[in-house]
Structures are given as C-alpha cells and as structure tokens.
Amino acid sequence: MKLSMFKKAALVPALLFPFASMSQGLTFNPQNYTVQEIAVNGKQMKVRAYEHVVYVAKPVDTVYQQMNIYIPEAYFNKGSINGYTAQTAPIFFPNQVGGYMPGRPGTAINAGRGPGPGGPAGMPPGGMPAGGMPPGGPGSNMGPGGNRVSTIAAALLNGYVVASPGARGRPTKDEKGIYTGKAPAAIVDLKAAVRYLKFNDKLMPGDASKIISNGTSAGGALSALLGATGNNKDYEPYLKAIGAADASDDIFAVSAYCPITNLDHADMAYEWQFNSVNTYKKINISMLDYKVQRTETAGELSSKEQVVSAQLKVLFPAYVNSLQLKGKQGQLLQLDKDGNGSFKNWVKSYVIASAQKVLDSGKDLSALKWLTITGGKVTGLDFDGYVHYMERMKTPPAFDALNLSTGENQLFGTATVDKAHFTKFSADNSAVKAVTADAIVVKMMNPMDYIGRADTKTSAHWRIRHGTKDKDTGLAVSVMLATLLQNKGYDVNLELPWDRPHSGDYDQNELFSWIDGISK
Ligand code: DHB
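The following paragraphs examine the structure supplied in this document.

Definitions and limits used
- Residues numbered from 1 in each chain as written.
- Predicted model: local features only at pLDDT ≥ 70, side-chain atom pairs only at ≥ 80, totals over all residues.
- Heavy atoms only, no water.
- Helix = DSSP H or I, 4+ residues; strand = E, 2+ residues; numbered from the N terminus.
- Buried < 20%, exposed > 50% of the residue type's maximum accessible area, 1.4 Å probe, protein only.
- Contact = heavy atoms within 4.5 Å.
- Areas by Shrake-Rupley, 256 points an atom, 1.4 Å probe, with all protein chains shown as cover.
- 1 Å grid on protein atoms, 1.4 Å probe; cavity = no way out; pocket = protein on both sides within 12 Å on 5 of 7 lines; lining within 4 Å.
- Points joined across faces, edges and corners; volume = space filled by probe spheres on them.
- Nonpolar A, V, L, I, M, F, W, Y, C, P; charged D, E, K, R; others polar.
- Salt bridge = Lys/Arg side-chain N within 4 Å of Asp/Glu carboxyl O.
- Near = heavy atom within 4 Å.
- Polar contact = N/O pair within 3.5 Å; in protein donor to acceptor, adjacent residues only side chain to side chain.
- Pairing = 2+ DSSP bridges.
- Axes fitted to C-alpha atoms, helices over the stretch in contact; angles between N-to-C directions.
- Core = buried A, V, L, I, M, F, W, Y, C linked by side-chain atoms within 4.5 Å.

Okay, the overall build of the protein next. Per the secondary structure count, the protein includes 16 helices and 13 strands. For the protein, with 520 residues in total, the buried portion stands at 58%. Taking all contacts inside the protein whose residues are at least 6 apart in sequence as the whole, residues at least 24 apart take part in 71%. Of the roughly 20500 Å² of accessible surface on the protein, a fraction of 53% belongs to carbon and sulfur atoms.

Attention shifts here to empty space enclosed by the protein. All chains considered together, the criterion is met by 2 cavities of 30 Å³ or more. The space that makes up the second largest cavity amounts to roughly 30 Å³. What lines the second largest cavity is simply Tyr100, Arg168, Gly169, Arg170, Gly181, Ala186, Leu222, Leu411 and Met445. Residues belonging to the lining of the second largest cavity are distributed by class as follows: 5 nonpolar, 2 polar and 2 charged.

Attention now moves to the pattern of salt bridges. Overall, the coordinates contain 19 salt bridges when judged by the stated rule. Two residues, lysine 191 and aspartate 249, come together in a salt bridge whose shortest N-O distance is 3.0 Å. Separated by 58 residues along the polypeptide, lysine 191 in helix α4 (residues 185-199) and aspartate 249 in the loop between α6 (236-241) and β7 (253-257) bring together distant segments of the chain. Here lysine 191 matches aspartate 249 in class, with each residue buried. Between arginine 463 and aspartate 507 there is a salt bridge, with its nearest N and O atoms 2.8 Å apart. Of the two residues, arginine 463 sits in strand β12 (residues 461-465) while aspartate 507 sits in the loop between β13 (491-495) and α16 (508-519), which places them 44 residues apart along the sequence. Comparing arginine 463 with aspartate 507, the two get one shared label, buried.

Turning our eyes to something else, we now look at the site of the ligand. Surveying the vicinity of the ligand reveals 12 residues, the closest of which are Gly99, Ser217, Lys394, Glu408 and Asp472. Interatomic distance of 3.0 Å between a backbone N/O atom of alanine 218 and an oxygen atom of the ligand. Between the ligand and histidine 502 there is a distance of 3.0 Å, counted from an oxygen atom to a side-chain nitrogen or oxygen. Burial of the ligand by the surrounding chains reaches 99%, relative to a free accessible area of 290 Å². Considered class by class, the residues forming the shell around the ligand number 4 nonpolar, 5 polar and 3 charged.

Our focus in this paragraph is the pairing of strand β2 (residues 43-54). Across 7 bridges, strand β1 (residues 34-40) lies against β2 in antiparallel orientation. The residue of β2 that forms the bridge with alanine 39 is glutamine 44. Counting the residues that bridge the hairpin from β1 to β2 gives 2 residues, and of these asparagine 41 lies at a positive phi of roughly 50 degrees. When β2 meets strand β3 (residues 66-72), the two strands line up antiparallel, connected through 6 bridges. Its bridge partner being in β3, valine 53 is matched across the sheet by methionine 67.

Judged by pairing direction, the sheet is mixed, and its 9 strands sit side by side in the order β1-β2-β3-β5-β4-β6-β7-β12-β13 without closing on themselves. The sheet is open, and its two edges are formed by β1 and β13, each paired on a single side. Strand-to-strand twist in this sheet, taken as the mean axis angle between neighbours without regard to direction, amounts to 20 degrees. Taken together, the 5 bridges between strand β4 (residues 90-94) and strand β6 (residues 207-216) define a ladder with parallel strand orientation. What sits directly across from isoleucine 91, in β6, is isoleucine 211. With respect to the sheet, helix α5 (residues 218-228) is in contact with β4, β6, β7 and β12, its orientation differing from that of β6 by roughly 150 degrees.

Next up on the list: the environment of glutamine 44. With respect to the helices, strands and loops of the structure, glutamine 44 is situated in strand β2. Separated by 339 residues in sequence, glutamine 44 and phenylalanine 383 place their C-alpha atoms 47 Å apart. Setting aside residues no more than four positions away along its own chain, glutamine 44 makes contact with Glu37, Ile38, Ala39 and Leu157.

Here we come to unusual backbone geometry. Here the amide bond leading from alanine 183 into proline 184 is cis, since omega sits at 5 degrees, within 30 degrees of zero. Along the chain, proline 184 turns up in the loop between β5 (161-165) and α4. Proline 396 connects to proline 397 through a cis peptide bond whose omega is -15 degrees. If you trace the backbone, proline 397 turns up in the loop between α11 (383-390) and α12 (407-411). Residues other than glycine seldom take positive phi values, yet serine 217 does so here, at roughly 65 degrees. Classification of serine 217 as buried rests on a relative accessible area of 5%. Its identity as a non-glycine residue notwithstanding, aspartate 505 has a phi of 55 degrees, on the positive side. Position of aspartate 505 among the secondary structure elements: in the loop between β13 and α16. Taking the relative accessible area as the measure of exposure, aspartate 505 reaches 14% and is therefore buried.

Turning next to the nonpolar core. Counting 142 residues, the largest nonpolar core has Ile69, Tyr196, Leu197, Phe316, Phe343, Phe412 and Met480 as its most contacted members. Examining the composition of this core, we find that 10 residues originate from one element, α4, more than from any other. Discounting residues that sit within four places of it in the chain, tyrosine 196 has contacts with Leu26, Thr27, Phe28, Val53, Val54, Tyr55, Met67, Ile69, Met204 and Ala245.

Listed below in structure tokens is the structure:
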C-alpha cells in the first residue's frame, strides 16, 4: 500500500470531506474484534476475529460482499509464529466459492465451505442446478464423519493472517429482482477484497504484498483468475461501481485446486479427453430442507450427443496449437487433427509422474493394465484405458449446454437474463432460444487471456492441483494453465494427485510448506 493513500483515507476526517475519497468508510478498525480460541490437533491459539467486514463502499449485496479477517493475538504483542511477525506474516486468502454459487466468508471455528456455496440463502428455487457443489461435497474439505478440518484454523496456527472473502454468485438477485452476481461479479468482489487489504496494510498485522489466494473448483478458478489478472483495467469500471478501495489488486501467489476455468474452451477439452467414453455417471445435486442430496445417474450418450462429442473434440487441437505452448526443452506442444501429438504426451507425463510418486511410496499399481511398469518405473500410459478407468461424468457439451442447463450457463447470464451461451459452438447449435454472453465478459472470466500481459501484473507463484480421478473438467485445463504460466516465466508447481476425485485442501501440510518456501 502507498502511504499517501492511507493518509488520505485515515487521517482526513470523513465528516469534513464526505465525498473526498472513493475509499471513504473502508478504513480498517483495529478495535472492532472478538477474541476466538482456535484448536487443531491439540494445538491452540488466541486470534482476533474481525468478522463481517464489508470491503466495498457501495455494496450491492451485504450478505456476500464481506470478509472475515483473523489475526493471531501474538502479532499484537510483538510475538512471532513460525518465524513470522506482524510485519512479515503472509495473508492467506481462501474463498469458499463452489459451483459459481455465492460464497460466504469462511470462518476460523467450524471452517470449511461455510454453509455451502451460497448456503440456503443463495440457493435458486428448485435446488442447485448441475455443476453446483454442496457443503461437504467433493469440493469441500469435510473430514470423515462430517468433521470439518479447518484450513483457516490450521493456517492461523502456521502463522498466517487469514482473510476469507465472500463473493456474489450466479443466482444472486437484489430486492428488485435484478441479477447482481453474474460474471464477472465474483472476481470483481475478490479483487475489491484484495484492494481493501492493501489499502489497510499499515493498520493491520500481515504483509499485503504477500497475499496468497486459495480456492477449490469454481473457487480454484477464481483464485487463478485473481492471480492472472492483477490490476488489469478491464475490471476497473466494475470495481468503481461498487466503491472498491483505492489500491492495487495484484496478489503474490495462487493456490488452486481443480480450477474449473478456461470455460470457453472447457467443452472441447472435455471431449478431447472423454470422446471414447459413451457411458456417464452424472452427479445431480439438489437441496431438500437445506440438506444436500447427491444422486448419481448412470446413462449412455445418445447418438446426437456422440455427434456433439466428436464435433467438439476436433475443435480442440486448433485451440491448443494456437497457444504455442512449450515443454521443458522448449519443444512445441501440439496436437494433430486426431488429437494426438506432443501435447497429449505432455498431459500423460503428469499422470505418469503421479503414478510414479505413489509407486515409490509402496502402492501396488499392478492391477491397472493401462499403466506400463517396468523395473519399478512407470514407462507408459494408455490414455484410452486411463479415461475409461476415470469414467465420464458430464454429457457434451459439458459446460455450455445446448439447453442452457448448466451452472456455467447461469453464470454467464445478465442483469435481466438468467442463462446464456458463452461459446460459438453452443450458440450455433442451441436447442433453445438463447442469448450469448458478451465476449469481453467471457474473456474476463478466463485467466489464459491475461497471463503475462504488459498491462497486467500476474502472480509470481502458482500451486495447482487436479486429481487424476477428477472428471469435473478435463485434465488439459490445468495443464494448459500451468504450462502457459511456466512459459511466461512464472514459478509453477503443478501435480495431479493420484486417484484424487474432485476436491481441495486435502494436503494442508504440503500446501503450507509451499507457502513458507515462497514467503520466507
Ligand atoms: C464446480 C464443479 C463443477 O463440475 C462445475 O462445472 C463448476 C463448479 C465446483 O465444484 O465448484
């Protein structure tokens, strides 16, 4: 934060100059806290909890445009934790968004994904459309038996300041019935929360030049988008409209679990991977009396869906090739018209590395005939065998459904239209009368379009995880993101954890070691 900004907002009496600063009313009040005692695995800590901090001057939604901030008590008494002090502690910034639904700020006690993406208040009538994620669902960090393993509490014990932002989501409406949470609202909210932290850096323990975003699935996608798009001007009018604080919004690092991102190319990536699999196990999620019901519907692609799958699959090589991605030796990563080539081998190499890791730890993989293992080394992978083992979850198009039935269709609606297409393919082949989202809005939701641009400050450090059994989006989505970042010179750590289904925050210790490694 620049000291001059702080002076303007904090030292000039707001009453004398009620319209002096856009950031008016956004000054952090260090006295406005409660003391909470957190406990994880026998370790305890007192923290100051600043909850329900509205982070914009002109909120359009007072439920979600707020943030919970937790600061270890030690940082108010010149103490240090894990080598960090009030001046040096990184700020861990986990969002709780799932399914592109509204996300409430996370809490230190009983933390997790709060009452679920959006919770009951944000649920659209008729339950959660496909693509959403329930509390305790695959995207949550519920422990066995329903006990939540609190990432926020664990992060505090590790010496981080934690700021967990809420954000608007796809069904959010105001009292006039106008939709307020359509794209790009959620990313605008996260940026506004970052600006609040930077604007108030001098008033708060923790180093706002070390903000580390964390999220899973749609929340992982938003985490990646936040890291990719720092200070880009495209978002400025939206930030102005909600009265975001006068500060920058670039962040230090990104942790993203199974980011459901690159939505405008995710349909083709999905069919490039799953085209040979004609059966599916769709997970339907509904809410009954605020209790999540998850049902799996098995089915077979219709002949029409099989045609759509083939049409989407052949679109993918041109997209991958246009990215001009490069491997470790500088070799171009490409696909031929059948979807084979160096990029496919590149994706396979990450799955093979994952298999090798568990093989080295003693796991018996000999039953998996699609893996070739010779002398303790995984030397080959039959991609077709692997994707049949994974099983298909979504029907084509997986994201921009021809009948507008996905959560992503609802994400790309407008203030007055609930659902829209966001790809040319689905707009051209729509099964219903539909509008198409603005190209600029689609772009603003895709980190690939911003990484490393001269007018943008992309995060320096990235940790991306996507399980080898996660079929909520194609593996290529995370691989393309990581590779583009690597090629542009950013520090990237990508792994595909073995047999992991769609989930996040399952490796807290490794996550925190990575954070310590880049922060100290
Ligand atoms: C999530 C899962 C999906 O399958 C999807 O399409 C979007 C979001 C999620 O878990 O957040």
